[in-house]
Amino acid sequence: MKRNFSVLFFVFFSLSLFAQNNEVKNVILMIPDGTSSSVLSLSRWYKGYLAGDYSVGLAVDPYLCGYVRTFSSNDPIGDSAPTTSCYMTGQPSKAGFVATYPPKTDSDLFPVDATRTYQPLITAFEAARILKNKAIGLVATTYLEDATPADCMSHCYSRKKNYQLAKQMVYNGVDVAISGGAREVRPLENELKEHGVNIIFDDIDGFRSNESDKLWAFFAEKDMPYHIDSDTDNIPSLAEMTEIALKCLAGKPDGFALMVEGSKVDWAAHNNDAKTIIDEYLEFDKAVKVAIDFAKKDGNTVVVILPDHGNSGLSIGSRKTNKSYNDMTIDELMKPLMDYTVSAEKLGDLLASSDNAEIKPLFKKLCNFDISDEDIKTIVDMKAKSSANDHSKVAYSLSKVVSTILYKNTCIGFTTYGHTGEDVFLAVYSPTGNAPTGWMTNVDINNYLCSLLGVENQLPKLTDELFAKHQEVFQGYETKIEKVSKDEKDDNYKLIVKNKKQKLEIESFTNYIILDGKKIDLESVIIYVDKNNTFYLPKKIREYLQ
Ligand SMILES: [Zn+2]
């Protein structure tokens, strides 16, 4: 009973928090993935150490205004898929779920209606495109269909269904996409060209000279390299990606919604690689400066910055050091980090293709310390144990060993290789200075984003209209679902609806239907869910049938 009351209060509180009219022309949402607040503290100290001036701060600092609880529907520690999903849809969901309604479980932390499980949920960005004609941009340093960007413009109960997620983004009116993930987009290149998109693969000059307001640019087949390892002549920084995205979107008459993700702070945190965490965060922070400079100049843009969840339990100070905390100098804390010039991942990769005699010189050259004989033996033993044929597997195992060795040489602590459940920071730049403050939840963030985009209270209605079950929409009609291709890996499905006179063909993850051979465009994508063998589609399609 007590629990139910709390849940009701929670919902009421969420709905009432952003009642005032906040609508602006442009919204930039910036997500440093898996960034615990301690990462900001460490990055700030590090930046000051390099500058020789501890008064220097981060671009995000003047706008820090609150703390956000970010959780899954049945789990206080969030996964990337449901956490940004909740910012986008207002519905906490389950690990792995991308903008999709969760199943009911015994440990739910939020009301869950079992009849809606697997229903796609309209996102704030989709609603802004459909109702307010906003252009949409997505920028990420992993791949386009990775959980965070996918949460903005696609839907699936599994973040691992990369093809489904990428296909939806192609058909869902994303104007600007800059990231890695070329391998999922290449097969859909023609569809993008039909939509008038300038599509670029690994071409920095073409990227910089782009004149189109519709641009999809890719700089890796899968994830982009960490900035610290990156070939900066050929791979843009996140700040430049943000700048070019803004250049494409700035002229849109009805404004835009842009999401920029510093995706790999999270990956470095999963690897407990402190230097790479700092470097990835500081790169994200440079992108924050680009966004805020744009917003200040524009005067009608709000920038909202918050992580999706914490990661790794990073601490400044650690139980592993021999010294007590009050004897530790800034040099002892920062110097080892400053000396590391590669990620643990990259060093693992280099070690995998090196002779054992090179181990010691490599650590000295790239990380400026003398690796112990014991640690050398660990690396040699691991290389001997691994199958020499699979370089990437050996490199991966070695990167884990390397991160442990690098970690031992610092005064930084970690508690886990996984996500953590502490509240995340919120920072908001608003031209009116009107920003939410205090403690809030991921559901409140959705309400705030919807109010900025002018789509307050519209998501449930749109979800109901655009993601209805095909069994209900076509009640009384003959329907059949078939796989488009016999290829097991092909995830495309077709729904065929027939009456005496007409034949309707509907392909999964597209935004059109074929009625008696004639193509009709829709304003949203069509989702197929294999778990319940259901197509989710607009109710109004029924009106085309006589
Ligand atoms: Zn995440």
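None of these values were measured; they are calculated from a predicted model.

Criteria and cut-off values
Residues numbered from 1 in each chain as written. Predicted model: local features only at pLDDT ≥ 70, side-chain atom pairs only at ≥ 80, totals over all residues. Heavy atoms only, no water. Domains from an automatic or database assignment. Buried area = accessible area lost by both parts, 1.4 Å probe. Salt bridge = Lys/Arg side-chain N within 4 Å of Asp/Glu carboxyl O. Polar contact = N/O pair within 3.5 Å; in protein donor to acceptor, adjacent residues only side chain to side chain. Helix = DSSP H or I, 4+ residues; strand = E, 2+ residues; numbered from the N terminus. Nonpolar A, V, L, I, M, F, W, Y, C, P; charged D, E, K, R; others polar. 1 Å grid on protein atoms, 1.4 Å probe; cavity = no way out; pocket = protein on both sides within 12 Å on 5 of 7 lines; lining within 4 Å. Points joined across faces, edges and corners; volume = space filled by probe spheres on them. Donors = N, O, S within 2.8 Å, 3.2 Å for Na, K, Ca; no water. Buried < 20%, exposed > 50% of the residue type's maximum accessible area, 1.4 Å probe, protein only. Core = buried A, V, L, I, M, F, W, Y, C linked by side-chain atoms within 4.5 Å. Contact = heavy atoms within 4.5 Å. Pairing = 2+ DSSP bridges. Axes fitted to C-alpha atoms, helices over the stretch in contact; angles between N-to-C directions. Patch = residues over 30% accessible without salt bridge, like charges linked within 9 Å, V, L, I, M, F, W, Y side chains within 5 Å. Areas by Shrake-Rupley, 256 points an atom, 1.4 Å probe, with all protein chains shown as cover. Arc of directions from axis to C-beta.

1. Let's talk about the domain arrangement of the protein
Segmentation of the protein into domains returns domain 1 (2-123 + 157-296 + 416-464), domain 2 (324-410) and domain 3 (467-544). Summed over both sides, the interface of domain 1 with domain 3 buries roughly 1,700 Å², with 54% coming from carbon and sulfur. Where domain 1 touches domain 3, the interface holds 3 salt bridges. Notably, a salt bridge pairs Asp530 with Lys161, separated by 3.9 Å at the nearest N-O pair. On the surface where domain 1 and domain 3 come into contact, there are 10 residue pairs in polar contact (both at pLDDT 80 or more). Put simply, the parts of the chain that give the side of domain 1 that touches domain 3 at least two residues each are helix 6 (162-171) and helix 19 (459-466). For the side of domain 1 that touches domain 3, the leading source of residues is helix 6, giving 5 residues. The residue inventory of the side of domain 1 that touches domain 3, partitioned by class, reads 8 nonpolar, 7 polar and 3 charged.

2. Describing empty space enclosed by the protein
For the structure shown, the criterion picks out 2 cavities of 30 Å³ or more. Its volume calculated, the largest cavity comes out at about 60 Å³. Lining the largest cavity are Thr100, Tyr118, Pro120, His155, Cys156, Tyr157, Lys161, Gln164, Ile527, Tyr528, Val529 and Asp530. For the lining of the largest cavity, the residue count by class is 7 nonpolar, 3 polar and 2 charged. Mapped onto the domain boundaries, the lining of the largest cavity takes at least three residues apiece from domain 1 (2-123 + 157-296 + 416-464) and domain 3 (467-544). Volume-wise, the second largest cavity comes out at about 50 Å³. Around the second largest cavity, the lining residues are Asn272, Asp273, Ala274, Lys275, Leu337, Tyr340, Ser403, Leu406, Tyr407 and Thr410. Among the elements of the structure, helix 12 (274-298) and helix 17 (391-408) are those that each provide at least two residues to the lining of the second largest cavity. Per-element tally for the lining of the second largest cavity: the top contributor is helix 17, with 3 residues.

3. Some points on the coordination of the zinc ion
Geometry reference: four tetrahedral donors at a metal, ideal angle 109.5 degrees. Six octahedral donors, ideal angles 90 or 180 degrees. Summarising the metal site, the zinc ion is bound by the protein donors Asp33 (OD), Asp33 (OD), Ser80 (OG), Asp308 (OD) and His309 (NE2), whose distances to it range over 1.8 to 2.7 Å. Summarised as a motif, the one-chain spacing of the donors to the zinc ion is D-x46-S-x227-D-H. With a gap of 276 residues between them, Asp33 in the loop between strand 1 (26-32) and helix 2 (37-51) and His309 in the loop between strand 8 (301-305) and strand 9 (310-311) connect regions that are remote in the sequence. On the accessibility criterion, His309 (1% relative accessible area) is buried.

4. Considerations on the nonpolar core
Ranked by size, the top nonpolar core spans 87 residues in total, and within it Phe125, Trp216, Val304 and Phe474 carry the most contacts. Of the residues forming this core, the biggest block, 6 residues, is contributed by helix 18 (residues 442-453). Setting aside its immediate chain neighbours within four residues, Phe125 contacts Leu29, Met88, Ile136, Gly137, Leu138, Cys152, Met153, Ala257, Leu258, Met259 and Leu453. In terms of nonpolar packing, the next biggest core, distinct from the first, is built from 65 residues, Met30, Ile235, Ala269 and Tyr281 among them.

5. A closer look at the sheet that holds strand 20 (residues 518-521)
One open sheet holds the 5 strands; their spatial order is 16-17-18-19-20, and the pairing between them is antiparallel. The sheet terminates laterally at strand 16 (478-483) and strand 20, the two strands that pair on one side only. Taken over all neighbouring pairs, the strand axes of this sheet differ in orientation by 25 degrees on average, direction set aside.

6. Focus on the environment of Pro225
Positionally, Pro225 belongs in the loop between strand 6 (215-218) and helix 10 (238-249). Counting along the chain gives 45 residues from Pro225 to Gly180, while the straight-line C-alpha distance between them is 9.1 Å.

7. Description of a nonpolar patch on the surface
Together, Trp45, Tyr54 and Ile316 make up an exposed nonpolar region whose accessible area comes to about 300 Å². Within the secondary structure, Ile316 sits in strand 10 (residues 315-316). Overall, Ile316 belongs to the partly exposed group, its relative accessible area being 36%.

8. Details of unusual backbone geometry
One non-glycine residue with positive phi stands out, namely Tyr118, at about 75 degrees. With respect to the secondary-structure elements, Tyr118 resides in the loop between helix 3 (80-89) and helix 4 (124-132). Residue Asp202 is not a glycine yet carries a positive backbone phi of 45 degrees. Counting through the fold element by element, Asp202 comes out in the loop between strand 5 (198-201) and helix 9 (204-208). Take Asp202: its relative accessible area is 47%, and that puts it in the partly exposed class.

9. A look at the pairing of strand 20
Alignment of strand 19 (residues 512-515) against strand 20, held across 4 bridges, turns out to be antiparallel. Across the sheet, Ile513 pairs through a bridge with Ile520, a residue of strand 20. From the end of strand 19 to the start of strand 20, which pair antiparallel, there are 2 residues, and Asp516 there has a positive phi angle of about 45 degrees.

10. Topic: helix 19
Within helix 19, the full set of buried residues consists of Leu459, Leu462, Thr463 and Leu466. For helix 19, the buried positions fall inside an angular range of 100 degrees around the axis, keeping them on one side. Those residues of helix 19 hidden inside the fold are in contact with helix 3, helix 4, helix 18, strand 15 (468-469) and strand 22 (534-537).

11. Here we look at the pattern of salt bridges
In the structure shown here, the tally under the stated rule is 22 salt bridges. The residue Lys167 makes a salt bridge to Glu507 at a minimum N-O spacing of 2.6 Å. Of this pair, Lys167 sits in helix 6 while Glu507 sits in strand 18 (residues 503-507), placing them 340 residues apart in sequence. Two residues, Asp370 and Lys364, come together in a salt bridge whose shortest N-O distance is 3.9 Å. On the accessibility criterion, Asp370 (52% relative accessible area) is exposed.

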